[in-house]
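The residues making up each chain are set out below.
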Amino acid sequence: MLIGVPKEIKNHEYRIGLTPAAVREYVAHGHQVMIEQNGGLAIGFTNEDYEQAGATIIADAKEIFAKAEMIIKVKEPQPHECEQLREGQILYTYLHLAPDPVQTELLAKAGVTAIAYETVTDRNGGLPLLAPMSEVAGRMSIQAGAHHLEKANGGSGTLLGGVPGVAPAKVLVIGGGVVGTQAAKMAVGMGAEVTILDRSLPRLRQIDDIFAGRVKTIYSTVDAIDVFSREADLVIGAVLIPGAAAPKLLTREHLQNMKPGSVVVDVAIDQGGCFETSKATTHQDPTYVVEDVIHYCVANMPGGVARTSTIALNNATLPFGLALANKGLKAMADDPHLLNGLNMHKGKITYKAIHDDLGAQLGLDYIDPMQAIKA
């Protein structure tokens, strides 16, 4: 298969779809790989590194989109990239379609087979291609929150871990999944007082065991969010419904009762955000203020540590990508977990949660994913 990897063009996005090591794996399996010129240069992967791995360097992304049978990216295609996609082509990347009707409509128009990293599953019910970036984003959320709590950055002037004689900051983590757990690890490590809210009692028990009582575990209710957000210096939004738009759990009314200069970090912003007042920001302009509360809502947080993120992502995406390259659409017929990654095919939505959110709005039909690839 001819595989194309264009350079990412989203604001301050330095990750790339394939590392040189991953390219070497594809080439070893008999595939051809095209890499856009200087696509990985910002994170230390040179054109020479890719050529030594067996890739061909292409000067223009248009040529890659025109020739490649499978496009491998990191972030969702931007509108002019969507317009270059075509029916019969496989797109393998993060998509986050539920809160993005423009992208969904453009991918439908293109007729491309769109496979989303964030909805591929594993035998344990996890999301193996989302997990590494969730780990990165969870850890970064505490770094970002601590930074913006500093007075010079608009915050209340509170040190996350306090010092002897001064109480530490209070961190509220809403959601106890991968993001929430990693955020809690970082916050605990920095000496903060941490509370995790979740609606799964088994998960709260696991978290209690992991932290040996070092964090508070609270069953998530409207009342709990109200009570603990009032006291919090930093709130991390870490709620995920796979493929669907995130629920709005922290409201403007909650913000009005929070401490002035406190910080909220919405890691769910890729799926529309789990705070009522969230709107996507960039690494270039990461924050804004609502009700005297600083909002950090960067939609590609792991892009801030792009080298670590790229390598971690490739470790997870490579086996599924190789299966697609080796077998084409049959790879999904053979693997129900990869099939769960299929979001769109030939102009139709193939992921139920996305259709529930956008189908009626866009006038797009739903088709069962297995039926879609066999049609």
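Just above sits the structure.
Before going into details, it helps to say that this report is about the structure given with it. Values in this document were obtained by computation on a predicted structure and should not be read as measured data.

### Overview of the pairing of strand β14 (residues 342–345)
Reasoning step 1: Where strand β6 (residues 113–116) meets β14, two bridges bridge the pair, whose relative direction is antiparallel. Within the sheet, the bridge partner assigned to Ala 114 lies in β14 and is Met 344.
Reasoning step 2: Of the strand pairs in this sheet, β14 and strand β15 (residues 348–349) are connected by two bridges, and their pairing is antiparallel. Note on β15: the bridge partner recorded for His 345 is Lys 348.
Reasoning step 3: Between β14 and the antiparallel strand that follows it, β15, lie two residues; Lys 346 among them carries a positive phi value of about 50°.

### Considerations on the nonpolar core
Reasoning step 1: Among the nonpolar cores identified, the biggest contains 73 residues, and Tyr 26, Val 171 and Val 194 are the most heavily contacted of them.
Reasoning step 2: If you look at the next biggest cluster of nonpolar residues, it comprises 29 residues, including Met 34, Leu 106, Ala 114 and Ala 353.

### Looking at the sheet that holds strand β4 (residues 70–72)
Reasoning step 1: In space, the eight strands of this open sheet follow the order β3-β2-β1-β4-β5-β6-β14-β15, with mixed pairing throughout. The open sheet terminates on both sides in strands that have one partner only, identified here as β3 (56–58) and β15.

### Description of the state of the cysteines
Reasoning step 1: Counted under the stated rule, the structure contains zero disulfides.
Reasoning step 2: Cys 274 forms no disulfide, and the closest cysteine sulfur to it belongs to Cys 297, at a distance of 9.0 Å.
Reasoning step 3: Using a relative accessible area of 1% as the deciding quantity, one classes Cys 274 as buried.

### Let's talk about the side chain of Glu 118
Reasoning step 1: With respect to the helices and strands, Glu 118 occurs in the loop between β6 and α6 (131–149).
Reasoning step 2: Comment: no salt bridge for buried Glu 118; closest opposite-charge side chain is Lys 75, at 7.9 Å.
Reasoning step 3: At 3.1 Å, the side chain of Glu 118 forms a polar contact with the backbone nitrogen of Leu 95.
Reasoning step 4: There is a polar contact of 2.5 Å between the side chain of Glu 118 and the backbone nitrogen of His 96.

### Some words on the sheet that holds strand β10 (residues 234–237)
Reasoning step 1: Taken together, the seven strands give an open sheet; going across it, the order is β9-β8-β7-β10-β11-β13-β12, and neighbouring strands pair in mixed fashion. Looking at strand neighbours, the two that pair on one side only are β9 (216–219) and β12 (287–290), the edges of this open sheet. Neighbour to neighbour, the strand axes of the sheet diverge by 20° on average, direction disregarded.
Reasoning step 2: Summarising the sheet, β12 and strand β13 (residues 293–296) pair through four bridges and their orientation is antiparallel. Looking at the pairing, Val 290 lines up with Val 293 of β13.
Reasoning step 3: Its contacts with the sheet put helix α7 (residues 178–189) on β7 (170–174), β8 (193–198) and β10, and the angle it makes with β8 is roughly 170°.

### Looking at helix α1 (residues 20–28)
Structural remark: α-helix, 3.6 residues per turn; residues separated by three or four positions point the same way.
Reasoning step 1: The complete set of buried residues in α1 reads Pro 20, Ala 22, Val 23 and Tyr 26. Angularly, the buried residues of α1 cover 155° about the axis, an arc narrow enough to put them on a single face. More than 90 degrees from the buried face of α1, the exposed residues found are Ala 21, Arg 24 and Ala 28.
Reasoning step 2: Where α1 is buried, its residues contact β1 (2–5), β2 (32–36), α2 (47–53), β4 and α11 (306–327).
Reasoning step 3: One or two positions beyond α1, positive phi appears at Gly 30, with a value near 90°.

### With respect to the packing of helix α5 (residues 101–110) against helix α14 (residues 352–362)
Reasoning step 1: Contact geometry of α5 with α14 gives a least axis separation of 11 Å together with a crossing angle of 70°. The angle between the axes of α5 and α14 places the two elements in the roughly perpendicular class. Crossing handedness for the pair α5 and α14: right-handed. Here Pro 101, Thr 104 and Glu 105 of α5 lie close against α14, whose contacting residues are Leu 358, Gln 361 and Leu 362.
Reasoning step 2: Residues of the contact of α5 with α14, tallied by class, amount to three nonpolar, two polar and one charged.

Procedures and definitions
- Residues numbered from 1 in each chain as written.
- Predicted model: local features only at pLDDT ≥ 70, side-chain atom pairs only at ≥ 80, totals over all residues.
- Heavy atoms only, no water.
- Pairing = 2+ DSSP bridges.
- Helix = DSSP H or I, 4+ residues; strand = E, 2+ residues; numbered from the N terminus.
- Core = buried A, V, L, I, M, F, W, Y, C linked by side-chain atoms within 4.5 Å.
- Buried < 20%, exposed > 50% of the residue type's maximum accessible area, 1.4 Å probe, protein only.
- Disulfide = S-S within 2.5 Å.
- Lys, Arg positive; Asp, Glu negative; His and termini not counted.
- Salt bridge = Lys/Arg side-chain N within 4 Å of Asp/Glu carboxyl O.
- Polar contact = N/O pair within 3.5 Å; in protein donor to acceptor, adjacent residues only side chain to side chain.
- Axes fitted to C-alpha atoms, helices over the stretch in contact; angles between N-to-C directions.
- Contact = heavy atoms within 4.5 Å.
- Arc of directions from axis to C-beta.
- Parallel < 35°, antiparallel > 145°, perpendicular 65-115°, else oblique.
- Left-handed = near helix turned anticlockwise from the far one by under 90°.
- Nonpolar A, V, L, I, M, F, W, Y, C, P; charged D, E, K, R; others polar.

Remember, this is a structural readout, not a statement about activity or role.
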